[in-house]
Amino acid sequence: MELSAEAGVCTRQIGACAPSCSDICASKYPNGGKGACQGDICVCFYECGTEKRCNVGLGPCSAQCNDACCAAKCAQQGPLSEGFCDRLGYNFLCQCSYDCS
């Protein structure tokens, strides 16, 4: 499953995938947070609510797809979006931070 952001739904990658992924997300986001493993990463899906900034994962990054590449992928989220390559454990993933209001 590819990570995406829908209107009112935010995603946040929280670390390595584990059987407790869904429980961890439910505890972090008690108003309906759900977790799912995306490859080796646990991802939380939750309503944006009052948060002004949301994060979404845009897939892996590497020497070929670095910060500039992640920023270009993130640009479609709007003019105030910020994309960067982030390390989560042994994985390098494009992250996108954007206004969700």
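Coordinates for the structure precede this section.
Residues numbered from 1 in each chain as written. Predicted model: local features only at pLDDT ≥ 70, side-chain atom pairs only at ≥ 80, totals over all residues. Heavy atoms only, no water.

S.K.: Which parts of the structure should I look at to understand the state of the cysteines?
M.R.: Think of a disulfide as a covalent bridge from one cysteine sulfur atom to another cysteine sulfur atom. Taken as a whole and assessed by the stated rule, the structure comprises seven disulfides. Here Cys 65 engages in a disulfide with Cys 69; their sulfurs sit 2.0 Å apart. With the S-S dihedral at roughly -85°, the linkage between Cys 65 and Cys 69 falls on the left-handed side. Classification of Cys 65 as buried rests on a relative accessible area of 10%. Using a relative accessible area of 24% as the deciding quantity, one classes Cys 69 as partly exposed. A disulfide bridge connects Cys 74 with Cys 96, and the sulfur atoms are separated by 1.9 Å. Because the sign of the S-S torsion sets the handedness, a value of about 65° for the bond joining Cys 74 and Cys 96 places this disulfide among the right-handed ones. (Disulfide = S-S within 2.5 Å. Buried < 20%, exposed > 50% of the residue type's maximum accessible area, 1.4 Å probe, protein only.)

S.K.: When you look at the sheet that holds strand 2 (residues 34-38) in this model, what are you seeing that I'm missing?
M.R.: One open sheet accounts for three strands, arranged 1-3-2; its pairing is antiparallel. Of all strands in the sheet, those bounded by a partner on one side alone are strand 1 (9-16) and strand 2. The sheet shows a mean angle of 30° between the axes of neighbouring strands, taken without regard to direction. Sheet topology note: the strand 2/strand 3 (residues 41-47) ladder contains five bridges and is antiparallel. Directly across from Lys 34, in strand 3, lies its bridge partner Phe 45. (Pairing = 2+ DSSP bridges. Helix = DSSP H or I, 4+ residues; strand = E, 2+ residues; numbered from the N terminus. Axes fitted to C-alpha atoms, helices over the stretch in contact; angles between N-to-C directions.)

S.K.: Is there a simple way to think about the nonpolar core in this case?
M.R.: Inside soluble globular proteins, nonpolar side chains tend to come together where they are buried. In this structure, Cys 10, Cys 25, Cys 44, Tyr 46, Cys 54, Cys 96 and Tyr 98 are the most contacted members of the largest nonpolar core, which totals 13 residues. Listing elements by their share of this core, those giving two or more residues are helix 1 (21-28), strand 3, strand 4 (53-60) and strand 6 (91-99). In terms of residues, this core owes the most to one element, strand 3, which gives three residues. Ignoring sequence-local partners within four residues, the contact set of Cys 54 consists of Cys 10, Cys 48, Cys 96, Ser 97, Tyr 98 and Cys 100. (Core = buried A, V, L, I, M, F, W, Y, C linked by side-chain atoms within 4.5 Å. Contact = heavy atoms within 4.5 Å.)

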